[in-house]
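# Topology and contacts: notes
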Amino acid sequence: MAEMAVVIGASGGVGAALAEALRAKGWSVVALGRGSVPAVDLLDEHTIEAAAAHVAALGMPGLVIDATGFLHGTGFMPERSWRDLDGAHMAHAFAVNAIGPALLMKHFLPLLPRRGRGVFATLSARVGSIGDNRLGGWYAYRASKAALNQLVRTAAVELQRRAPEAVCVALHPGTVATALSAPFARAGLEVRTPAVAAAELLAVIDGLTARDSGGFFDHRGAAVAW
Ligand SMILES: NC(=O)c1ccc[n+]([C@@H]2O[C@H](COP(=O)([O-])OP(=O)(O)OC[C@H]3O[C@@H](n4cnc5c(N)ncnc54)[C@H](OP(=O)(O)O)[C@@H]3O)[C@@H](O)[C@H]2O)c1
(Lines give C-alpha, C1' and ligand atoms only; values in the text may rest on other atoms or scores of the structure.)
Protein backbone atom coordinates (compact mmCIF):
# COMPACT_ATOMS: atom_id res chain seq x y z
CA MET A 1 0.00 0.00 0.00
CA ALA A 2 1.24 3.51 -0.82
CA GLU A 3 2.54 5.54 2.10
CA MET A 4 0.33 8.47 3.08
CA ALA A 5 1.42 12.10 2.85
CA VAL A 6 -0.66 15.07 3.97
CA VAL A 7 -0.24 18.48 2.35
CA ILE A 8 -1.95 21.39 4.05
CA GLY A 9 -2.21 24.50 1.89
CA ALA A 10 -2.49 22.29 -1.20
CA SER A 11 -4.27 25.10 -3.08
CA GLY A 12 -1.18 27.30 -2.90
CA GLY A 13 1.57 27.58 -5.48
CA VAL A 14 4.15 25.50 -3.62
CA GLY A 15 1.55 23.29 -1.89
CA ALA A 16 -0.08 22.23 -5.17
CA ALA A 17 3.32 21.40 -6.67
CA LEU A 18 4.28 19.41 -3.58
CA ALA A 19 1.05 17.39 -3.75
CA GLU A 20 1.61 16.71 -7.45
CA ALA A 21 5.25 15.73 -6.99
CA LEU A 22 4.39 13.41 -4.10
CA ARG A 23 1.69 11.70 -6.17
CA ALA A 24 4.18 11.26 -9.01
CA LYS A 25 6.53 9.57 -6.52
CA GLY A 26 3.81 7.09 -5.57
CA TRP A 27 2.61 8.60 -2.29
CA SER A 28 -1.07 8.55 -1.46
CA VAL A 29 -1.71 12.26 -0.87
CA VAL A 30 -4.35 13.87 1.32
CA ALA A 31 -4.53 17.43 -0.02
CA LEU A 32 -6.05 19.84 2.48
CA GLY A 33 -6.94 23.52 2.39
CA ARG A 34 -9.77 25.94 2.88
CA GLY A 35 -11.52 24.50 -0.20
CA SER A 36 -11.03 20.77 0.51
CA VAL A 37 -13.37 18.30 2.18
CA PRO A 38 -12.75 18.28 5.06
CA ALA A 39 -11.61 21.89 4.95
CA VAL A 40 -8.71 23.30 6.96
CA ASP A 41 -8.90 26.95 7.92
CA LEU A 42 -5.98 27.93 10.11
CA LEU A 43 -8.17 30.54 11.80
CA ASP A 44 -10.55 27.84 13.07
CA GLU A 45 -9.00 25.11 15.23
CA HIS A 46 -12.11 22.93 14.93
CA THR A 47 -11.43 22.46 11.22
CA ILE A 48 -7.83 21.43 11.99
CA GLU A 49 -8.99 18.94 14.61
CA ALA A 50 -11.61 17.47 12.27
CA ALA A 51 -9.11 17.18 9.40
CA ALA A 52 -6.61 15.42 11.67
CA ALA A 53 -9.34 12.96 12.73
CA HIS A 54 -10.12 12.38 9.05
CA VAL A 55 -6.45 11.61 8.35
CA ALA A 56 -6.13 9.38 11.43
CA ALA A 57 -9.07 7.31 10.18
CA LEU A 58 -7.18 6.74 6.91
CA GLY A 59 -3.99 5.57 8.61
CA MET A 60 -0.64 6.89 9.81
CA PRO A 61 0.97 9.57 7.64
CA GLY A 62 4.68 9.23 6.99
CA LEU A 63 4.89 12.86 5.94
CA VAL A 64 2.92 15.99 6.79
CA ILE A 65 3.81 19.21 4.99
CA ASP A 66 2.35 22.58 5.91
CA ALA A 67 2.57 24.83 2.84
CA THR A 68 0.25 27.56 4.10
CA GLY A 69 1.36 31.13 4.62
CA PHE A 70 0.43 34.81 4.40
CA LEU A 71 2.50 37.74 3.13
CA HIS A 72 -0.03 40.10 1.56
CA GLY A 73 -3.73 40.29 0.84
CA THR A 74 -6.96 41.18 2.62
CA GLY A 75 -5.91 44.81 2.17
CA PHE A 76 -2.42 44.38 3.64
CA MET A 77 1.01 44.74 2.06
CA PRO A 78 4.33 44.11 3.84
CA GLU A 79 5.48 47.13 5.84
CA ARG A 80 8.35 49.26 4.49
CA SER A 81 8.66 51.27 7.69
CA TRP A 82 7.50 51.22 11.30
CA ARG A 83 5.08 53.95 10.16
CA ASP A 84 3.15 51.20 8.33
CA LEU A 85 2.74 48.95 11.40
CA ASP A 86 -0.88 47.96 11.83
CA GLY A 87 -2.22 45.79 14.63
CA ALA A 88 -4.80 44.00 12.51
CA HIS A 89 -2.19 43.19 9.85
CA MET A 90 0.22 41.85 12.47
CA ALA A 91 -2.49 39.82 14.17
CA HIS A 92 -3.47 38.23 10.86
CA ALA A 93 0.14 37.40 9.98
CA PHE A 94 0.70 35.80 13.38
CA ALA A 95 -2.61 33.92 13.15
CA VAL A 96 -1.79 32.40 9.75
CA ASN A 97 2.00 32.07 9.90
CA ALA A 98 2.58 31.09 13.53
CA ILE A 99 -0.54 30.21 15.52
CA GLY A 100 -2.18 28.21 12.72
CA PRO A 101 0.89 26.05 12.09
CA ALA A 102 1.26 25.57 15.87
CA LEU A 103 -2.28 24.19 15.94
CA LEU A 104 -1.41 21.97 12.98
CA MET A 105 1.48 20.60 15.04
CA LYS A 106 -0.86 20.09 18.01
CA HIS A 107 -3.22 17.93 15.95
CA PHE A 108 -0.93 16.33 13.35
CA LEU A 109 2.31 15.56 15.23
CA PRO A 110 0.52 12.91 17.32
CA LEU A 111 -0.41 11.13 14.05
CA LEU A 112 3.24 10.49 13.10
CA PRO A 113 4.48 6.96 13.78
CA ARG A 114 5.94 6.57 17.29
CA ARG A 115 8.49 4.16 15.88
CA GLY A 116 10.36 4.67 12.65
CA ARG A 117 10.65 7.79 10.55
CA GLY A 118 7.87 10.33 10.19
CA VAL A 119 8.31 13.94 9.07
CA PHE A 120 6.42 17.16 9.76
CA ALA A 121 7.74 20.05 7.68
CA THR A 122 6.35 23.57 7.68
CA LEU A 123 7.27 26.22 5.13
CA SER A 124 8.91 29.14 6.84
CA ALA A 125 10.97 31.84 5.13
CA ARG A 126 14.58 33.00 5.30
CA VAL A 127 13.33 36.51 6.05
CA GLY A 128 12.12 35.07 9.36
CA SER A 129 15.77 34.59 10.31
CA ILE A 130 16.83 37.16 12.91
CA GLY A 131 20.53 36.52 12.27
CA ASP A 132 20.09 37.07 8.54
CA ASN A 133 18.01 40.27 8.78
CA ARG A 134 20.01 43.00 7.07
CA LEU A 135 17.32 44.74 5.01
CA GLY A 136 14.63 45.40 7.61
CA GLY A 137 10.99 45.94 6.60
CA TRP A 138 8.29 43.26 6.36
CA TYR A 139 7.82 43.41 10.14
CA ALA A 140 4.72 41.21 10.48
CA TYR A 141 5.91 38.52 8.06
CA ARG A 142 9.44 38.39 9.50
CA ALA A 143 8.29 38.29 13.10
CA SER A 144 5.53 35.73 12.49
CA LYS A 145 7.95 33.41 10.67
CA ALA A 146 10.52 33.85 13.48
CA ALA A 147 7.75 32.85 15.90
CA LEU A 148 6.97 29.86 13.68
CA ASN A 149 10.61 28.77 13.81
CA GLN A 150 10.59 28.87 17.61
CA LEU A 151 7.33 26.89 17.70
CA VAL A 152 8.87 24.24 15.41
CA ARG A 153 11.93 23.97 17.63
CA THR A 154 9.82 23.71 20.77
CA ALA A 155 7.53 21.04 19.30
CA ALA A 156 10.55 19.10 18.01
CA VAL A 157 11.90 18.79 21.55
CA GLU A 158 8.58 17.33 22.72
CA LEU A 159 8.22 15.13 19.63
CA GLN A 160 11.66 13.60 20.18
CA ARG A 161 10.50 12.24 23.56
CA ARG A 162 7.50 10.46 22.09
CA ALA A 163 8.85 9.48 18.64
CA PRO A 164 12.67 9.40 18.71
CA GLU A 165 13.08 8.91 14.96
CA ALA A 166 10.55 11.55 13.92
CA VAL A 167 11.54 14.85 12.34
CA CYS A 168 9.93 18.27 12.73
CA VAL A 169 11.50 21.08 10.71
CA ALA A 170 11.00 24.51 9.20
CA LEU A 171 11.98 24.83 5.52
CA HIS A 172 12.72 27.86 3.36
CA PRO A 173 11.54 27.13 -0.19
CA GLY A 174 13.62 29.86 -1.84
CA THR A 175 11.94 32.45 -4.01
CA VAL A 176 9.19 30.72 -5.96
CA ALA A 177 6.87 32.12 -8.65
CA THR A 178 3.52 32.07 -6.80
CA ALA A 179 0.78 34.53 -5.92
CA LEU A 180 2.60 35.20 -2.65
CA SER A 181 5.82 36.39 -4.30
CA ALA A 182 4.29 37.93 -7.46
CA PRO A 183 4.19 41.59 -6.28
CA PHE A 184 7.88 41.42 -5.28
CA ALA A 185 9.42 39.68 -8.29
CA ARG A 186 12.24 41.85 -9.60
CA ALA A 187 15.08 41.54 -12.05
CA GLY A 188 18.12 39.77 -10.70
CA LEU A 189 16.20 37.71 -8.16
CA GLU A 190 16.47 33.95 -8.64
CA VAL A 191 12.82 32.91 -8.94
CA ARG A 192 12.08 29.21 -9.44
CA THR A 193 8.93 27.46 -10.58
CA PRO A 194 6.78 25.71 -7.97
CA ALA A 195 7.64 22.35 -9.60
CA VAL A 196 11.38 22.97 -9.19
CA ALA A 197 10.91 24.19 -5.62
CA ALA A 198 8.77 21.15 -4.74
CA ALA A 199 11.37 18.75 -6.14
CA GLU A 200 14.11 20.50 -4.15
CA LEU A 201 12.10 20.53 -0.93
CA LEU A 202 11.25 16.83 -1.25
CA ALA A 203 14.93 16.02 -1.84
CA VAL A 204 15.80 17.96 1.33
CA ILE A 205 13.07 16.15 3.27
CA ASP A 206 14.37 12.79 1.99
CA GLY A 207 17.78 13.54 3.45
CA LEU A 208 16.57 14.59 6.92
CA THR A 209 17.22 12.39 9.94
CA ALA A 210 16.12 12.68 13.57
CA ARG A 211 19.32 14.64 14.23
CA ASP A 212 17.98 17.42 11.99
CA SER A 213 14.70 17.67 13.91
CA GLY A 214 14.06 21.15 15.28
CA GLY A 215 16.13 22.71 12.51
CA PHE A 216 15.58 25.36 9.85
CA PHE A 217 16.83 24.44 6.37
CA ASP A 218 16.73 26.02 2.95
CA HIS A 219 15.78 24.35 -0.34
CA ARG A 220 19.36 23.22 -0.84
CA GLY A 221 19.44 21.51 2.56
CA ALA A 222 21.70 24.11 4.18
CA ALA A 223 20.91 25.17 7.75
CA VAL A 224 19.56 28.75 7.97
CA ALA A 225 20.64 31.02 10.84
CA TRP A 226 17.94 31.56 13.47
N1 LIG B 1 6.79 31.98 -2.84
C2 LIG B 1 7.91 32.35 -2.27
O3 LIG B 1 8.77 32.96 -2.91
C4 LIG B 1 8.17 31.99 -0.82
C5 LIG B 1 9.40 32.40 -0.26
C6 LIG B 1 9.67 32.08 1.07
C7 LIG B 1 8.73 31.39 1.80
N8 LIG B 1 7.54 31.03 1.25
C9 LIG B 1 6.57 30.32 2.07
O10 LIG B 1 6.13 29.15 1.40
C11 LIG B 1 4.78 28.87 1.78
C12 LIG B 1 3.92 28.68 0.55
O13 LIG B 1 3.86 29.90 -0.15
P14 LIG B 1 3.31 30.05 -1.64
O15 LIG B 1 4.30 30.89 -2.34
O16 LIG B 1 2.92 28.72 -2.17
O17 LIG B 1 2.03 30.96 -1.36
P18 LIG B 1 0.52 30.92 -1.95
O19 LIG B 1 0.52 30.41 -3.34
O20 LIG B 1 -0.02 32.26 -1.65
O21 LIG B 1 -0.16 29.82 -1.02
C22 LIG B 1 -0.50 30.10 0.32
C23 LIG B 1 -1.34 28.98 0.87
O24 LIG B 1 -1.70 29.30 2.22
C25 LIG B 1 -3.08 29.06 2.36
N26 LIG B 1 -3.71 29.84 3.42
C27 LIG B 1 -3.66 31.18 3.61
N28 LIG B 1 -4.43 31.51 4.66
C29 LIG B 1 -4.98 30.36 5.12
C30 LIG B 1 -5.87 30.03 6.17
N31 LIG B 1 -6.40 30.96 6.98
N32 LIG B 1 -6.22 28.74 6.35
C33 LIG B 1 -5.74 27.77 5.55
N34 LIG B 1 -4.89 28.01 4.53
C35 LIG B 1 -4.52 29.29 4.33
C36 LIG B 1 -3.68 29.41 1.00
O37 LIG B 1 -4.97 28.87 0.91
P38 LIG B 1 -6.12 29.54 -0.03
O39 LIG B 1 -5.84 29.01 -1.42
O40 LIG B 1 -7.38 29.00 0.56
O41 LIG B 1 -5.96 31.02 0.10
C42 LIG B 1 -2.65 28.75 0.10
O43 LIG B 1 -2.90 27.36 0.00
C44 LIG B 1 4.34 30.03 2.70
O45 LIG B 1 4.54 29.65 4.04
C46 LIG B 1 5.33 31.13 2.35
O47 LIG B 1 5.49 32.02 3.42
C48 LIG B 1 7.24 31.32 -0.06
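Since this is a predicted model, take the numbers as computed values, not measurements. (Residues numbered from 1 in each chain as written. Predicted model: local features only at pLDDT ≥ 70, side-chain atom pairs only at ≥ 80, totals over all residues. Heavy atoms only, no water.)

All right, on to the packing of helix 1 (residues 13-24) against helix 5 (residues 194-207) then. Contact pair helix 1 / helix 5: the axes reach a minimum separation of 8 Å and the direction vectors enclose 60 degrees. The handedness of the crossing between helix 1 and helix 5 is right-handed. Residues Gly13, Val14, Ala17, Leu18, Ala21 and Leu22 of helix 1 lie in contact with helix 5, whose contacting residues are Pro194, Ala195, Ala198, Leu201 and Leu202. Residue classes in the contact of helix 1 with helix 5 are distributed as ten nonpolar, one polar and no charged. (Axes fitted to C-alpha atoms, helices over the stretch in contact; angles between N-to-C directions. Helix = DSSP H or I, 4+ residues; strand = E, 2+ residues; numbered from the N terminus. Left-handed = near helix turned anticlockwise from the far one by under 90°. Contact = heavy atoms within 4.5 Å. Nonpolar A, V, L, I, M, F, W, Y, C, P; charged D, E, K, R; others polar.)

Bringing the environment of Ile8 into the picture now. For Ile8, the position within the fold is in strand 1 (residues 4-8). Here Ile8 falls in the buried class, since its relative accessible area comes to 1%. Contact partners of Ile8, with chain neighbours within four places excluded, come to Leu32, Val40, Val64, Ile65, Asp66, Ala67, Thr68, Leu104 and Phe108. (Buried < 20%, exposed > 50% of the residue type's maximum accessible area, 1.4 Å probe, protein only.)

For the structure on display, the rule yields three aromatic pairs. An aromatic cluster of at least three residues, connected via ring pairs, comprises Trp138, Tyr141 and Phe184. (Phe/Tyr/Trp six-rings, centres within 6.5 Å; stacked < 30°, edge-to-face > 60°.)

Turning our eyes to something else, we now look at unusual backbone geometry. Among all residues except glycine, the phi angle is most often negative; among peptide bonds, the trans geometry is most common. For the bond from Val37 to Pro38, the omega torsion is -5 degrees, close enough to zero to count as cis. Relative to the elements of secondary structure, Pro38 occurs in the loop between strand 2 (28-32) and helix 2 (45-58). Not every positive phi belongs to a glycine, and Thr74 is a case in point at roughly 40 degrees. Along the polypeptide, Thr74 turns up in the loop between strand 3 (61-66) and helix 3 (87-108). Taking relative accessible area as the criterion, Thr74 reaches 62% and is therefore assigned exposed. In the Ramachandran plot, Trp138 falls in the positive-phi region, its phi being about 55 degrees despite a non-glycine side chain. Locating Trp138 in the fold gives a position in the loop between strand 4 (119-123) and helix 4 (139-162). On the basis of relative accessibility, which here comes to 25%, the residue Trp138 falls in the partly exposed class.

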